Amino acid sequence: MIGSRPLTTEEVARVSDKLGARDRMMFVLGLKTGFRVQELLSLEVSDVIRNDGEIVDVVSVSRQNMKGKVSGRTVALHRAAKLAIDRWRRSCPLDNVPDAPLFAGPSGVAISRVQAWRVLTAAYKAAGVFGKLGTHAMRKTFANRVYNKLGKDLPRTQKALGHVTMSSTVNFSSSVIGAFP
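If you're wondering where the values come from, they're calculated on a predicted model, not measured in any experiment. (Residues numbered from 1 in each chain as written. Predicted model: local features only at pLDDT ≥ 70, side-chain atom pairs only at ≥ 80, totals over all residues. Heavy atoms only, no water.)

Let's talk about the overall build of the protein chain
Stated precisely, the cut-off is as follows: Secondary structure counts use DSSP, requiring at least four H or I residues in a row for a helix and at least two E residues in a row for a strand, with both numbered from the N terminus. Two residues qualify as a contact provided that any one of their heavy atoms is within 4.5 Å of a heavy atom in the partner residue. In these tables, accessible area is a Shrake-Rupley quantity obtained with a 1.4 Å probe, and a residue counts as shielded only by the protein chains included in the view.
In terms of helices and strands, the protein chain carries nine helices and two strands. Written out in order from the N terminus, the α and β elements of the protein chain read α-α-α-α-β-β-α-α-α-α-α. Considering only contacts within the protein chain whose residues lie at least 6 apart along the sequence, 62% involve residues at least 24 apart. Within the structure as shown, the protein chain displays about 9,300 Å² of accessible surface, and the carbon and sulfur contribution to it stands at 54%.

Some points on the environment of R22
Among the structural elements, R22 can be located in helix α2 (residues 21-33). Here the alpha-carbon distance between R22 and A104, two residues 82 residues apart in the chain, equals 8.5 Å. In this view, R22 contacts W88, L102, F103, A104, G105, I111 and V119; residues no more than four positions away in its chain are not counted.

As for helix α1 (residues 9-17)
To keep it simple, the criterion reads: For every residue, the accessible area (1.4 Å probe, protein chains only) is compared with the maximum for its type, and the residue is labelled buried under 20%, exposed over 50%, or partly exposed between those bounds. Picture the helix axis, draw a direction to every C-beta atom, and the arc is the one those directions span.
The complete set of buried residues in α1 reads E11, V12, V15 and S16. Around the axis of α1, the buried residues are gathered within 130° of arc, so they sit on the same side. Facing away from the buried side of α1 by more than 90 degrees, the exposed set consists of T9 and D17.

With respect to the pattern of salt bridges
Here is the rule: We define a salt bridge as a side-chain nitrogen of Lys or Arg found within 4 Å of a carboxyl oxygen belonging to Asp or Glu.
Counted according to the given criterion, the structure contains nine salt bridges. Across the pair E39 and R36 runs a salt bridge, and its minimum N-O distance is 2.9 Å. For the residue pair E39 and R36, the accessibility class agrees, reading buried in each case. For D86, the salt bridge is made with R90, and the minimal N-O distance between the two is 3.2 Å. Pair noted here: D86 and R90 are both in helix α5 (residues 79-91), with a separation of four residues, about one helical turn. One salt-bridge network, in which partners are shared between bridges, spans D86, R89 and R90.

Points about the nonpolar core
Soluble, globular proteins show a tendency: their nonpolar side chains are buried together. What counts is decided by this rule: Nonpolar cores are built from buried Ala, Val, Leu, Ile, Met, Phe, Trp, Tyr and Cys residues. Side-chain atoms within 4.5 Å join them into one set.
With 41 residues, the main nonpolar core has F27, L29, L102, F103 and Y124 as its most contacted residues. Those elements that provide at least two residues to this core are α1, α2, α3 (37-41), α4 (45-48), β1 (58-61), α5, α6 (113-126) and α7 (136-149). Counting residues per element, this core draws most heavily on α2, at six residues.

This is how it looks when you write it as structure tokens:
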């Protein structure tokens, strides 16, 4: 999303506090995996919780659910993402329905991209976080953090984002790189 910006660490904490368990899990997974919102919404319970009830160490989005549908992407789950999954699981025990959407609405159907946007924009407003923000702010925040933690290494940032070409990363990062010192 052009104009979307990354969130600061303080903004992430404030927004997270305004979200319920399912939506906090979506927010944290977005921040820690860098998946686009549509990729997150394609996940099923079995993608993050194994048959034995353990939370997975890596999460994968299949090719057909990725932008461009060129290849799938697998990302290691950060400890904070595992904690968010565990908190959600305790509030909504769907372990026994492995093919259920991870981000299901009251009817049991996966929430839409628009519903996810509404949830996040309401949380931004409630947290007093303003600017051009939406679902893509999660991915921009991920990109900003990865870029800085990797010592401003664009090729490794490209790989972390799952971009096929460096020009995609450069274009994407023009609104991210240097956004927060």
